[in-house]
Each structure stands twice: as C-alpha cells, then as structure tokens.
Amino acid sequence: MNRIEKHACFGGQQEVWAHTSSVLGCEMRVGVYLPPQAQAGQCPVLYWLSGLTCNEQNFITKAGAQRFAAEHGLILVAPDTSPRGSNVADDAQSYDLGQGAGFYVNATQAPWSSHYRMHDYVVHELPALVESHFPASAMRAISGHSMGGHGALICALRNPGRYRSVSAFSPIVAPSQVPWGERALTAYLGPDKSTWQAWDACALVQSVSERLPLLIDQGEADEFLPVQLKPHLLQQACDAVGHPLQLRMRPGYDHSYYFISSFIDEHIAHHANALRSEP
C-alpha cells in the first residue's frame, strides 16, 4: 500500500492509496476517508462504487460525503471503476466498455477475462486489504451510482451476509435489458444471455435467500431514466417476490453529482443505522 494523497477533512483524513491487485493484475487506486473516530478504534466501512467514466476521485471530490461520515463515524472506501494500465484491455473508442467501465462483473471472455474481475476485487480483495491496513471493522455497507449502483446491488444480492445495508443512486437495475448492459455483458460474459442473469439485480431478487432492504434514489429529470435505468423493472421484480425496496423518485433531479450530494446525507444515515444495529 502506497499513500499518494492525504488531506485533513472534517476532523479526519481523506487519503488516496495505490496498491497492486492480484485479482486484477494491475495497480489500483482507492480513496479512503478515515473519520475522526478512527483515531480511537475500529469503524464500520461504507464502500462506494462509481459509474461509467469515473475513477476514485469523483466521489471523494464531488459528493460531500466526508462531513456525514465524520458525524456517524464511518470509513468511506471508493475504488476505481475498472482495472487500468497499458497492458489492460480497453476500447478506446467507447466510454461504456473497457477502462472506466468494468461493470463490477467477473469477465469470462478474452481479452477482458485477464483483468476484468471487479466483483471479486470489490467483494473480497479490497475489504481484506482495508481491514488489514486501516482501523476498519468487518461491518460493511455498500452503495453506488449508475453503473456503480448496479455494482452495489449485485454485490449485496450475490453475497448474503457480507453487507449490513445497500443503497444506490440512479442504478442500472436490469443490465440484461438496456443498451449499456447488453453491450458490456456481451463483451465480458459472452452472447449467452442466460449467463447474464447472475449479474442482473432484477433477476437476482427472484431467488436470493437474504431479504436485504434496497434503498434507491432516482432523479425524474435523469436523461438516462427511460432507456438505460428503468427502475420500474426492479420495483416489479421486488413486488413479485416481496423483496423490500424503497424507490424514491426525486422530481427535477438529473444524473449528476448535484443529485448525489443533495441526498448523500440520507444514504449515509441509512447505512449508519444498519451498521449500528444488531445483526
């Protein structure tokens, strides 16, 4: 672990670390906010997954989350969105495939399968690293935006008991049914759509053993709402099996970090309450 940034922030420290990932086979960067309470002992961790074209910087510089993490005593961990490097496969002509667009799946198709295993990185390698290098407890929550919202949902749904809570802003809830997801899943997993269901929140809620409540905020003025996001599909899937979902449609809000920063306090409070409660 090599610390490359350190900034005092709301009584704590906003840091950025670089490390070599054995899962991804490249160097990765991750933002880590340590609240003031971390000076006295272990704190629970909220993992944040960002969206297409983003890296570890977007959330830590735009969301304004550190203030609320400091109030509640949460460590914030914000990794990059994909493997990076000159030896890592990429599609330089597209923003929705390749570097910056890992989709939080474990790729099975060449050339992506050599590095694109973001699910295993987020769920297993990164928490092990965080919990061994920082005053972090094993109590975890997960959240994200857009592609990262999709990532947060599938990481929680695929791994019962791993997270105490999950939330998302403007998530891609049905990647197997929208253009962004169809393109990425075809490339990373192959054309057999039956293999996509293990990475689709709408499909996963139909069979999960853990009824972890889902909290989702979605802007009604989001330009991607009708074609790429379609939260009503997740509402229908949850209603069909009785999976708890709180879907809050926010009039006037778009897909940007202006939206995220407007409600990040509520999401952090939601996670803090879950992390404080008895399992």
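Structure: see above.
All residue numbers refer to positions counted from 1 along the written sequence of the respective chain. Since the coordinates come from a predicted model, pLDDT governs what is reported: local features require at least 70, and pairs of side-chain atoms require 80 or more to be given and counted, while whole-chain, interface and lining totals use all residues. The basis for the side-chain values is all heavy atoms of the structure; hydrogens and waters are excluded.

Caption draft 1: Representation of the pattern of salt bridges. Definition used for salt bridges: Asp or Glu carboxyl oxygen within 4 Å of a side-chain nitrogen of Lys or Arg. Inspection of the entire model under this criterion finds 11 salt bridges. Between Asp-80 and Arg-84 there is a salt bridge; the shortest N-O distance is 2.8 Å. We call a residue buried when its accessible area falls under 20% of the maximum for its residue type, exposed when it is over 50%, and partly exposed in between, using a 1.4 Å probe and counting protein chains only. Judged by its relative accessible area of 26%, Arg-84 falls in the partly exposed class. A salt bridge links Glu-266 to Arg-248; its shortest N-O distance comes to 3.2 Å. You can see Glu-266 sitting in helix H9 (residues 257-276) and its partner Arg-248 sitting in strand S9 (residues 245-250), a full 18 residues away along the chain. Through salt bridges that share partners, Asp-217, Arg-248, Arg-250 and Glu-266 make up one connected network. Only runs of H or I of at least four residues qualify as helices and only runs of E of at least two qualify as strands under DSSP, and these elements are numbered from the N terminus.

Caption draft 2: Focus on the sheet that holds strand S4 (residues 43-49). Two strands pair if DSSP finds at least two bridges between them. Strands sit in the order S1-S2-S3-S5-S4-S6-S7-S8-S9 across an open sheet of nine strands; the sheet is mixed. At either end of the open sheet lies a strand with only one pairing partner, and these are strand S1 (2-9) and S9. Averaged over all pairs of adjacent strands, the angle between their axes in this sheet comes to 20 degrees, without regard to strand direction. With six bridges joining them, S4 and strand S6 (residues 136-144) adopt parallel strand pairing. Paired with Leu-46 across the strands is Ala-141, a residue of S6. Working rule for contacts: check all heavy atoms of both residues, and any pair within 4.5 Å makes them a contact. Here, axes are lines fitted to C-alpha atoms. For helices the fit covers the stretch in contact, and angles between N-to-C directions go from 0 to 180 degrees. On the sheet, helix H8 (residues 231-241) packs against strand S8 (214-219) and S9 and is oriented at approximately 155 degrees with respect to S9.

Caption draft 3: Summary view of helix H5 (residues 179-189). All buried positions along H5 are accounted for by Trp-180, Gly-181, Ala-184, Leu-185, Ala-187, Tyr-188 and Leu-189. Viewed along the axis of H5, the buried residues span an arc of 165 degrees, placing them on a single side of the element. Against the buried residues of H5 lie helix H7 (225-229). Just past H5, the residue Gly-190 takes up positive phi, approximately 100 degrees. By arc we mean the arc of the directions from the helix axis to the C-beta atoms, nothing more.

Caption draft 4: The pairing of S6, seen in detail. For S6, a buried count of seven out of nine residues is recorded, marking the element as mostly surrounded by other parts of the structure. For S6 and strand S7 (residues 165-169), the ladder comprises two bridges, and the chain directions are parallel. For Ile-142, the partnering residue across the bridge sits in S7 and is Val-166. Crossover handedness is defined here as right-handed if the route from the first strand over the helix to the second strand goes clockwise, with the strands pointing away from the viewer. Once the chain exits S6 it traverses helix H4 (residues 147-158) before rejoining the sheet at S7, and the crossover so formed is right-handed.

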